[in-house]
Amino acid sequence: MTDLNHKDISKFQEAFENGLDSFKFTTEDLLTLKVMIHSTAKVKVKEEHDLKVNRDFALKLARIYIGIGKDAF
Amino acid sequence: MPRTSWKDVKPRHVTEIIYSLVKLKEYENIEMYSDLFEHIRPHINKLNNQDISMLVWSLSKIQFFNIRAGNSIILATESFSVKSMLKILLERAEKKIFKMDGTTASMLYNSLHQQPSYMNLSLKLKSQMESLSKEETK
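The rules we used
- Residues numbered from 1 in each chain as written.
- Chains lettered and ligands numbered in written order.
- Predicted model: local features only at pLDDT ≥ 70, side-chain atom pairs only at ≥ 80, totals over all residues.
- Heavy atoms only, no water.
- Patch = residues over 30% accessible without salt bridge, like charges linked within 9 Å, V, L, I, M, F, W, Y side chains within 5 Å.
- Areas by Shrake-Rupley, 256 points an atom, 1.4 Å probe, with all protein chains shown as cover.
- Salt bridge = Lys/Arg side-chain N within 4 Å of Asp/Glu carboxyl O.
- Lys, Arg positive; Asp, Glu negative; His and termini not counted.
- Charge placed at Lys NZ, Arg CZ, Asp CG, Glu CD.
- Helix = DSSP H or I, 4+ residues; strand = E, 2+ residues; numbered from the N terminus.
- Phe/Tyr/Trp six-rings, centres within 6.5 Å; stacked < 30°, edge-to-face > 60°.
- Buried < 20%, exposed > 50% of the residue type's maximum accessible area, 1.4 Å probe, protein only.
- Axes fitted to C-alpha atoms, helices over the stretch in contact; angles between N-to-C directions.
- Parallel < 35°, antiparallel > 145°, perpendicular 65-115°, else oblique.
- Left-handed = near helix turned anticlockwise from the far one by under 90°.
- Contact = heavy atoms within 4.5 Å.
- Nonpolar A, V, L, I, M, F, W, Y, C, P; charged D, E, K, R; others polar.

J.: Before we move on, can you summarise a positive patch on the surface with the specific residues and values?
T.: Residues K23, K25, K61 and R68 of chain B make up a contiguous surface patch of positive charge. Examined against the element boundaries, K23 of chain B turns out to sit in helix α1 (residues 11-23).

J.: I'd love a proper account of the packing of aromatic side chains, names of residues and values included.
T.: Residue and element names in this part refer to chain B. Scanning all chains against the criterion turns up three aromatic pairs over all chains. Arranged with centres 5.1 Å apart and planes meeting at 55°, the rings of Y19 and W57 form a pair that is tilted. With Y19 in helix α1 and W57 in helix α3 (residues 49-68), the pair connects residues that are 38 residues apart, well separated along the chain. Of the two residues examined, Y19 and W57, each falls in the buried class.

J.: So what's going on with the packing of α3 of chain B against helix α4 (residues 82-95) of chain B? Residues and values would help.
T.: Residue and element names in this part refer to chain B. At a closest axis distance of 10 Å, the pairing of α3 and α4 adopts a crossing angle of 150°. Judged by the inter-axis angle, α3 sits roughly antiparallel to α4. The hand of the α3/α4 crossing is left-handed. Each of I52, L55, V56, L59, S60, I62 and Q63 in α3 lies in contact with α4, whose residues at this interface are V82, K83, M85, L86, L89, L90, R92 and A93. Residue classes in the contact of α3 with α4 are distributed as eleven nonpolar, two polar and two charged.

Given below as structure tokens:
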């Protein structure tokens, strides 16, 4: 397993696209994802298009988060 | 074997994710909320007022949007229902109402006051807000 433990969002996106099994997520990664989702919601949205971009991004992160959570239980 | 111990992830973290997604107007993905609530449900009796108010606000928004859009059928999965989760959270809120701060009471009141089913609780919240406001002006 590749140890992710990284705050770079591109690493998370890569993990999402390549399949989560190849990465080892740490608790720190989970908390970083949480902060990213929360920050996404705090960005001021001027147009519907921007809202959709933010929402899609947050959903992608949330799916990673849930994917990891399911493994942990 | 879990990839992570998940030990530092508190119900508050999952609550913040739910709250953020609803802030982003993600109202329809009930499966996702169901998965997230799996992590909160075992700790429901330990949630503080702020957690409860964030969750009630989020679930009320999801419920309000879906009912207005005629999607009430998607408000539940096999293991999770927005309505029943809301009911459990509101029962907790009602027990804690006299120890509730003004911000939490106000957030809960704003989430509920337009829903006739929660009229009694709304009135109690209003009364709590008024009594806190009187104490402040003394």
